[in-house]
Amino acid sequence: MASESFSVNAPEFNQTCSELTLRPVSPAIGIEVCGFDIRGEHESSLIDTLKEALAEHCFLFFRGQELTPNEQVSFSQRFGKLEKHVLNDYNLKDLPEIYVLSNKKENNGEPVGRAGAGQYWHTDLSYVKNPSFGSLLYAIEVPPNKGDTLFANMYRAYDALSEPMRDFFEGLKVVHDFAHTQRTYIEPAGLTKPASAEQLAKTPPVEQPLVRVHPKTGRKSLYVSPGMMTQVVGLNALESQAIINFLVSHTTQPEFVYRHRWQKGDLVFWDNWASMHCALDDYGPDDHRLMHRTTIEGQNVL
Ligand code: OGA
Ligand code: MN
């Protein structure tokens, strides 16, 4: 899809559209799909258009949706097979393809969902061999003007590298380790119970290429997941840490980043292979936030 076909006006996210309109969300990343009801019957050609826009722009955004969990699952399945999150305590009991993120508690004190998820830069499931291709997050309850999510475009981060740096990065591999994420972010935050030994055993450290070629666009991107990366393979500890520090500061430059301010009824769909994201930790226990996520497998998609 050629970018010239998008409106050049600044997006007016709260305007409804009488017909299907694709317009940029920000110069950094993303397309807003306006005038589209997720619940409808959608022809394959329309789904293909969305797949193309997603692969090219890393992020799709649909405002004003009213979805049941089953409707979210059905729409998500148009893009690939869904996976069930390894932290299975937070999957809906009767529909485990839905992973619940929330800081709310039931009357008996049990968490409604996973609290404080993703409050560090990462891309989903980078710690498994075939990381999920995409995630869809649906906002059911959001605190006003808090709990935004940042999204960064990793094609742009790659394109902005100098030639010598691109050459150096080509072929490098990085270890991604879920146990490191647990120790560094999740346990100290204390918002949710730590992953069990059994869950950690299912997610041993994996090596991922630092430069990925997107199978749909053929474009190169940096595959970086700061919350999960521990070591650049083949470098000594000092070199490795210096490169990881560089990758974090390079990829999170404001030019590559868009900040999504949520409204109830937003559905956001991101490509995990060419973008990363970070949830902001700027709300308290009384600022209720409830989201449903579906996650598309990394194998046999597109
Ligand atoms: C996720 C995630 C961010 C958020 O669902 O993968 O990182 O803002 N969520 O809830
Ligand atoms: Mn995430």
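Residues numbered from 1 in each chain as written. Chains lettered and ligands numbered in written order. Predicted model: local features only at pLDDT ≥ 70, side-chain atom pairs only at ≥ 80, totals over all residues. Heavy atoms only, no water.

## Topic: the pairing of strand β16 (residues 275–279)
As a reminder of what qualifies: Under the scheme applied here, a residue whose accessible area is under 20% of the maximum for its type counts as buried, over 50% as exposed, and between as partly exposed, the area being computed with a 1.4 Å probe on protein chains only. Here a helix means four or more residues in a row that DSSP labels H or I, a strand means two or more in a row labelled E, and each is numbered from the N terminus. Only strands joined by at least two bridges in the DSSP assignment are considered to pair.
Most of β16 is tucked away, with five of its five residues classed as buried. Covered by surrounding structure in β16 are Ser275, His277 and Ala279 together with Met276 and Cys278, the residues of both alternating faces. As defined by bridge partners, strand β8 (residues 149–153) adjoins β16 across five bridges and the pair is classed as antiparallel. Bridging from a neighbouring strand, Asn153 pairs with Ser275 of β16.

## Regarding the environment of Gly147
The criterion, for reference: Between two residues, a contact is recorded if the distance between any of their heavy atoms is within 4.5 Å.
Following the sequence through the fold, Gly147 ends up in the loop between β7 (134–141) and β8. As for Gly147 and Tyr99, which are separated by 48 residues in sequence, their C-alpha atoms are 18 Å apart. Non-local contacts of Gly147, meaning those with residues more than four positions away in its chain, are made with Trp262, Leu280, Asp282, Tyr283 and Arg289.

## Focus on the state of the cysteines
Let me state the cut-off plainly: Cysteine sulfur atoms that pair up within 2.5 Å are treated as a disulfide.
All told, the structure shown has one disulfide when counted by the stated rule. Disulfide pairing is shown between Cys17 and Cys34; the S-S distance is 2.0 Å. The sign of the S-S torsion, about 100°, decides the handedness of the disulfide formed by Cys17 and Cys34: right-handed. With Cys17 in the segment before β1 (21–24) and Cys34 in strand β2 (residues 31–34), this pair connects stretches of sequence that are 17 residues apart. Relative accessible area serves as the criterion here: at 18%, Cys17 is assigned to the buried category. Cysteine Cys278 is unpaired, with the sulfur of Cys58 as its nearest cysteine sulfur at 17 Å.

## Quick notes on the environment of Asp37
The topology assignment puts Asp37 in the loop between β2 and α1 (44–57). Put simply, Asp37 and Gly64 are 27 residues apart on the chain and 8.6 Å apart in space, counted from C-alpha to C-alpha. The residues contacting Asp37, other than those within four sequence positions of it, are His42 and Gln65.

## Topic: the site of ligand 1
As a reminder of what qualifies: If even one non-hydrogen atom of a residue comes within 4 Å of a molecule or strand, that residue is called near it. Here a polar contact is recorded for every N or O atom pair within 3.5 Å, except that within protein the pair must consist of a potential hydrogen donor and a potential acceptor, and residues adjacent in sequence are included only if both atoms are side-chain atoms. The method behind every accessible area is Shrake-Rupley, applied with a 1.4 Å probe, and residues are considered shielded solely by the protein chains displayed. Using a grid of 1 Å spacing that covers the protein atoms alone, one calls a set of points a cavity when a 1.4 Å probe fits there but cannot get out, and a pocket when the set is open and has protein on both sides within 12 Å along at least five of seven lines; lining residues are those with an atom within 4 Å of a point. Molecules are considered to sit inside a cavity or pocket once more than half of their atoms lie within 2 Å of its grid points. Under this grouping Gly is polar, as are all residues other than the nonpolar Ala, Val, Leu, Ile, Met, Phe, Trp, Tyr, Cys and Pro and the charged Asp, Glu, Lys and Arg.
Taken together, Leu101, Gly118, His122, Asp124, Leu137, Thr149, Trp270, His277, Ala279, Arg289 and Arg293 make up all the residues around ligand 1. Within the side chain of Asp124, one N or O atom sits 3.0 Å away from an oxygen atom of ligand 1. At 2.7 Å from an oxygen atom of ligand 1 is found a side-chain nitrogen or oxygen belonging to Arg289. In isolation ligand 1 has 290 Å² of accessible area, and contact with the protein removes 98% of it. Mapping ligand 1 onto the cavity grids shows that it belongs to the largest cavity. Among the residues forming the shell around ligand 1, the class breakdown is four nonpolar, four polar and three charged.

## Structural notes on the pairing of strand β6 (residues 95–102)
The element β6 is largely enclosed, with a buried count of seven among its eight residues. Across two bridges, strand β5 (residues 91–92) lies against β6 in antiparallel orientation. Paired with Leu92 across the strands is Leu95, a residue of β6. Between β5 and β6, which pair antiparallel in sequence order, lie two residues. Direction of pairing for β6 relative to strand β17 (residues 290–296): antiparallel, over a ladder of four bridges. Opposite Ser102, over in β17, you have Leu290 as the bridge partner.

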